Amino acid sequence: MATTFSPISVFAARLMPKEQRFVSGHRACQGCAEALAVRMVHSILGRNTIVASATGCMEIISSSYPDTAWTVPWIHVAFENAAAVASGVEAGLSILMKKGKIPQRKIQVVGMGGDGGTADIGLQSLSGAMERGHDMIYICYDNEAYMNTGIQRSSSTPYGASTTTSPAGSLSIGQHTWKKNIPMIMAGHKIPYVATASPSYPFDLAQKVKKAAKVKGPAYLHIYACCPTGWRMKPDMAVQIGRLAVETGVFPLYEIEQGVLRITHKTPELRPLKEYTKHQGRFRHLDDATLEEIERRVLDEYRKLERREGLAL
Amino acid sequence: MKADPKGVLTGAHFLDGDHACCEGALAAGCRCAFGYPITPSTEVVERISRRFPMVGGVFLQMEDEIGSSIAIQGAAWGGKKVMTVSSGPGISLMMEHIGLAAMTETPCVFVNVQRGGPSTGLPTLTGQADMMQARWGSHGDYETIAICPNSPQECFDLAIDAFNLAEQYRIPVMFMMDESVGHMTERVVIPEADEIDIVERRYTKKPPSDDYELYALEDDNPFVPPMPPVGEGYRFHVTGLTHDDKGYPAMDAQTQQKLIRRIVDKIRLNADAIAKYEEYQTEDADIILVAYGITSRVVIRTMEMAREKGLKVGVFRPVIVWPFPETRLKELMDQTKAFVVAELNYGQVVLEVERLVAGRAKVVLAGHGGGDIHDPKEILRLVEEVAK
């Protein structure tokens, strides 16, 4: 049976929860939008949450004693298996509830990873978890490279970006493959809820997290996480860059609910790509021709998304 | 055969071990590497990603270590000298493919910049606790070669040996660096290309035919069959299943025994030829410190302090730890009273020393959990106790 949600007409800052579950004192870099996104997500999910984290920045900056930022149960196992761990936690909880060992109640199981832990090494276990239909949310915080080990390319790194393993130079333009579209791969699993979100749009993000939590079965959130350190940009611009990513069409905000796609932040007139790339050192080497090529592709993808809107995928 | 000058960065450099390892691979003729970021080995692939394209080589970052460890084997059968680089958890993921390389006799080099473990352990700090994994980490019976450099200079020099041995014995060679050596920056002198000896791949002399036998021995080499060149009409079948000389699966006890006997013997019976070790003041030593990798530098200090105190202490350093330099250790055993084995784990290589010594001298472990190197004074205290 399809779960339906009533549209939320009013969303004001005062309606956002004050409760924090990912608290201050962690070791994230200045201007880390990923830590910002994690804080927002867990502020909404609240206390009855268990988190399984893949290896990555968020593991390193938030977990070590005595700087632990988590005030909910949290487990890290390895790099390739956050979704499998979350699957196990969810299955264990449901058995315990079924046997009456613990009371029946909603405990939100969350698997989380970066783009490397999701799109590369963790894709197999993520696909398995989605296919098995565990009642969990998996969240990919996408900062578009392996930032924890020092800015190496992933399959989620955008075309043309310079990283330490896709260095730009006379023989290379940097990353030479196009970003892997994980949200659409997840949609291909026919799970009830898939969405992209960004901490630069907190209300949109909040609504999507709530929907993901409410849905029965697996939900996948792909959250844009600007990384000033890895993208070679000013740390005070992280939120602005997140907005520019949406307004230039680089990272469109949409959701796929029961297979039906809806763009949640419409941008009929996309801004020029340069407004997005000019602030980031990782794109500094790109010439106009390459930028135009990227812009064409971005526009093309965005129009494709628009055409799919309202259609059952 | 001498090195191709294109890949040799002749001169004196100030490099860390990770970067020196990349240069060693280039000098050895490696032009194809696959890898995946993992601390503390990431700097090797970072340098590879810059340097390999400059000499016409290929570096691809794979989706994980499983992908890296098998992609190199595809490239090896395609005719390239290949390597992959990782650490702790990544090496654990590669284990199935290390066994495959042993079974299919694929020449390849696995660089392991060891860190503290098990599991995620200490990503940024040192360890030497993967020595038994390097030997027998994959399932089944096989032998590998494991080399432990103790300086950036050796990360360069011994990387060349690693590729040469991989070609000579058609085997996965484990290049066992550690975080200390990988992140230590020192003077590295890279010689002229014509001073670097390179072992080229041995190809079959038989013409392509329907009866071509992939694993048939040639050239009076009783251990290592030559490989077929790719693109010259040879049709062959490579499999991890137990296979006959033709390369096809033949799953019976006889074939298994013949095959495994050979892939084990090619290392065991050549152990003396492969052996590489160093000794310091062992001539008159009553106590011999045994250490490899970074720890072999620590024990030199212990030896000096012990000598100042009038104790007759020497150092035996296996440069190639697997196969263990058994013959030399047995010789030393007859002239010394005790061995103190120092390693950054709680007893791995010491087991091999104990096995060889078999009670004829005292064997004591100076263990350490990793994350840091030994304090030479701690080892000295142990030496003094043993000397009593």
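That block above? That's the structure.
All residue numbers here refer to positions counted from 1 along the written sequence of the relevant chain. To read the labels, note that chains go from A and ligands from 1, taken in the order they are written. It should be noted that, the model being predicted, local features are given only for residues of pLDDT at least 70 and side-chain atom pairs only at 80 or more, the latter also being counted only at that level, while totals for whole chains, interfaces and linings use all residues. Remark: hydrogens and water are excluded; side-chain values derive from all non-hydrogen atoms of the structure.

Is there a simple way to think about the overall build of chain A in this case?
Along its length, chain A carries 11 helices and eight strands. For the radius of gyration, the atoms used are the C-alpha atoms, and the globule rule reads 2.2 Å times the number of residues raised to 0.38. On C-alpha atoms alone, chain A measures out to a radius of gyration of 19 Å, which is about the 20 Å that the 2.2 N^0.38 rule sets for 313 residues. Principal-axis analysis of the C-alpha atoms gives chain A an extent of 65 × 45 × 40 Å. Relative to its full complement of 313 residues, chain A shows a buried share of 56%. For chain A, contacts bridging at least 24 residues in sequence account for 71% of all contacts bridging at least 6. Only the protein chains shown count as covering a residue, and every accessible area follows the Shrake-Rupley method with a 1.4 Å probe. By element, 55% of the accessible surface of chain A is carried by carbon and sulfur atoms, the whole surface being about 13,600 Å². This count recognises Lys and Arg as positive and Asp and Glu as negative, with His and chain-terminal groups excluded. By convention, the charge on Lys lies at NZ, on Arg at CZ, on Asp at CG and on Glu at CD. Computed over 37 positive and 28 negative side-chain charges, the inter-centroid distance for chain A is 7 Å. Counting from the N terminus, the helices are the DSSP runs of H or I reaching at least four residues and the strands are the DSSP runs of E reaching at least two. Classification of residues uses two cut-offs on accessible area relative to the type maximum, computed with a 1.4 Å probe and protein chains only: under 20% is buried, over 50% is exposed, and between them is partly exposed. The contact definition used throughout considers only heavy atoms, calling two residues in contact when any of these lie within 4.5 Å.

What am I meant to see in helix H8 (residues 253–268) of chain B here?
Since the α-helix turns once every 3.6 residues, residues separated by three or four places project in the same direction. Residue and element names in this part refer to chain B. For a helix, the expected span equals 1.5 Å multiplied by the number of residues minus one. Across its 16 residues, H8 extends 22 Å between first and last C-alpha, which sits within 8% of the 22 Å expected from 1.5 Å per residue. By the burial criterion, the buried members of H8 are Thr255, Leu259, Ile260, Arg262, Ile263, Val264, Asp265, Lys266 and Ile267. On its buried side, H8 packs onto helix H4 (88–104), strand S7 (145–147), helix H6 (152–169) and helix H9 (271–274). We define a polar contact as two N or O atoms separated by no more than 3.5 Å, with the added condition that, inside protein, one atom must be a possible hydrogen donor and the other a possible acceptor, whereas residues neighbouring each other in sequence contribute only through side-chain atom pairs. For H8, the capping residue at the N-terminal end is Asp252, with a side-chain oxygen 3.2 Å from the backbone nitrogen of Gln254.

Hey, could you run me through the environment of Gly56 of chain A in this one?
Relative to the helices and strands, Gly56 of chain A is located in the loop between strand S1 (49–53) and helix H2 (57–63). Taking the C-alpha atoms as reference points, Gly56 of chain A and Gly117 of chain A, 61 residues apart in sequence, are found 7.4 Å from one another.

Quick question: what am I supposed to make of the sheet that holds strand S5 (residues 193–197) of chain A here?
Residues and elements named next belong to chain A. Spatially, the eight strands line up as an open sheet ordered S2-S1-S3-S4-S6-S5-S7-S8, and their pairing is mixed. Since the sheet does not close on itself, it has two edges, and those belong to strand S2 (74–76) and strand S8 (260–263), each with one partner. Within the sheet, the average angular offset between the axes of one strand and its neighbour, ignoring direction, is 15°. As paired strands, S1 and strand S3 (residues 108–114) are joined by five bridges and run parallel to one another. Directly across from Ser53, in S3, lies its bridge partner Met112. Only the stretch in contact is used when a helix axis is fitted, and all axes are lines through C-alpha atoms; the angle between N-to-C directions ranges over 0 to 180 degrees. Contacting S1, S2, S3 and strand S4 (136–142), helix H3 (residues 82–98) runs over the sheet at an angle of about 175° to S3. Whether two strands pair comes down to DSSP finding at least two bridges between them.

Explain the sheet that holds strand S12 (residues 313–318) of chain B to me, please; I cannot follow it from the model alone.
Residues and elements named next belong to chain B. Reading across from one edge, S10-S12-S11-S14-S15 is the order of the five strands in this open sheet, with mixed pairing throughout. Edge positions in the sheet fall to strand S10 (277–280) and strand S15 (362–366), since each of these pairs with one other strand and no more. Adjacent strand axes in the sheet meet at a mean angle of 20° when their direction is disregarded. One ladder, built from four bridges, connects strand S11 (residues 287–290) with S12; its direction is parallel. The partner of Leu289 across the bridge, within S12, is Val315. Across the sheet, helix H10 (residues 295–308) lies against S10, S11, S12 and strand S14 (338–342), angled at about 170° from S12, the strand it touches most.

Is there a simple way to explain the packing of H3 of chain A against helix H5 (residues 123–132) of chain A in this structure?
Residue and element names in this part refer to chain A. Across the interface, H3 lies against H5 with an axial gap of 7 Å and an inter-helix angle of 35°. Residue-level inspection shows Ala82, Ala83, Ala84 and Ser87 of H3 in contact with H5, the latter providing Ser125, Leu126, Ala129 and Arg132. In this classification, Asp, Glu, Lys and Arg are treated as charged, Ala, Val, Leu, Ile, Met, Phe, Trp, Tyr, Cys and Pro as nonpolar, and every other residue, Gly included, as polar. Of the residues in the contact of H3 with H5, the class split is five nonpolar, two polar and one charged.

Would you mind going over the interface of chain A and chain B with me for this structure?
One frequent convention defines the size of an interface as the accessible area lost when the parts assemble. Taken together, the 18 residues of chain A in the interface contact 19 residues of chain B. We define buried area as the total accessible area lost by two parts upon association, computed with a 1.4 Å probe and summed across both. The three residues of chain A that bury the most area against chain B are Ile121, Thr149 and Thr165 of chain A, which together make up 31% of that side's buried surface. Should a side-chain nitrogen of Lys or Arg be within 4 Å of a carboxyl oxygen of Asp or Glu, the pair is scored as a salt bridge. Linking chain A with chain B are zero salt bridges, by the criterion used here. Inspection of the region where chain A meets chain B yields seven residue pairs in polar contact (both at pLDDT 80 or more). For the side of chain A that touches chain B, the residue count by class is six nonpolar, eight polar and four charged.

Would you take a moment to explain empty space enclosed by the protein for this structure?
Any empty space left between the atoms is revealed when a probe the size of a water molecule rolls over them. The method works on a 1 Å grid over the protein atoms by themselves. A cavity is a set of points holding a 1.4 Å probe that cannot get out, a pocket is an open set with protein on both sides within 12 Å along at least five of seven lines, and residues with an atom within 4 Å of a point line them. Grid points are joined across faces, edges and corners, and a volume is the space filled by probe spheres set on the points. As enumerated under the stated definition, the model contains one cavity of 30 Å³ or more in all. Size it by volume and the largest cavity reaches roughly 40 Å³. Taken together, the residues that form the lining of the largest cavity break down as four nonpolar, one polar and four charged.

Can you walk me through the nonpolar core in this structure?
Taken as a class, soluble globular proteins show a tendency for nonpolar side chains to be buried jointly. Residue and element names in this part refer to chain B. Side-chain atoms within 4.5 Å link the members of a nonpolar core, which is a set of buried Ala, Val, Leu, Ile, Met, Phe, Trp, Tyr and Cys residues. Counting residues in hydrophobic clusters, the biggest one holds 54 residues, and the most contacted among them are Met83, Ile145 and Phe175. Those elements that provide at least two residues to this core are helix H1 (17–27), helix H2 (42–54), strand S4 (82–86), strand S5 (108–116), S7, H6, strand S8 (172–178) and strand S9 (185–190). No fewer than three residues from each of domain 1 (5–195) and domain 2 (278–387) sit in this core. Residues contacting Phe175, with those up to four places away along its chain left out, are Cys21, Val109, Phe110, Val111, Asn112, Ile147, Pro149, Glu154, Cys155, Leu158, Ala159 and Ala162. Phe34, Phe110, Ala134 and Ala361 belong to the second-largest nonpolar core, a separate cluster that totals 43 residues. Delimitation of the domains relies on an automatic or database domain assignment.

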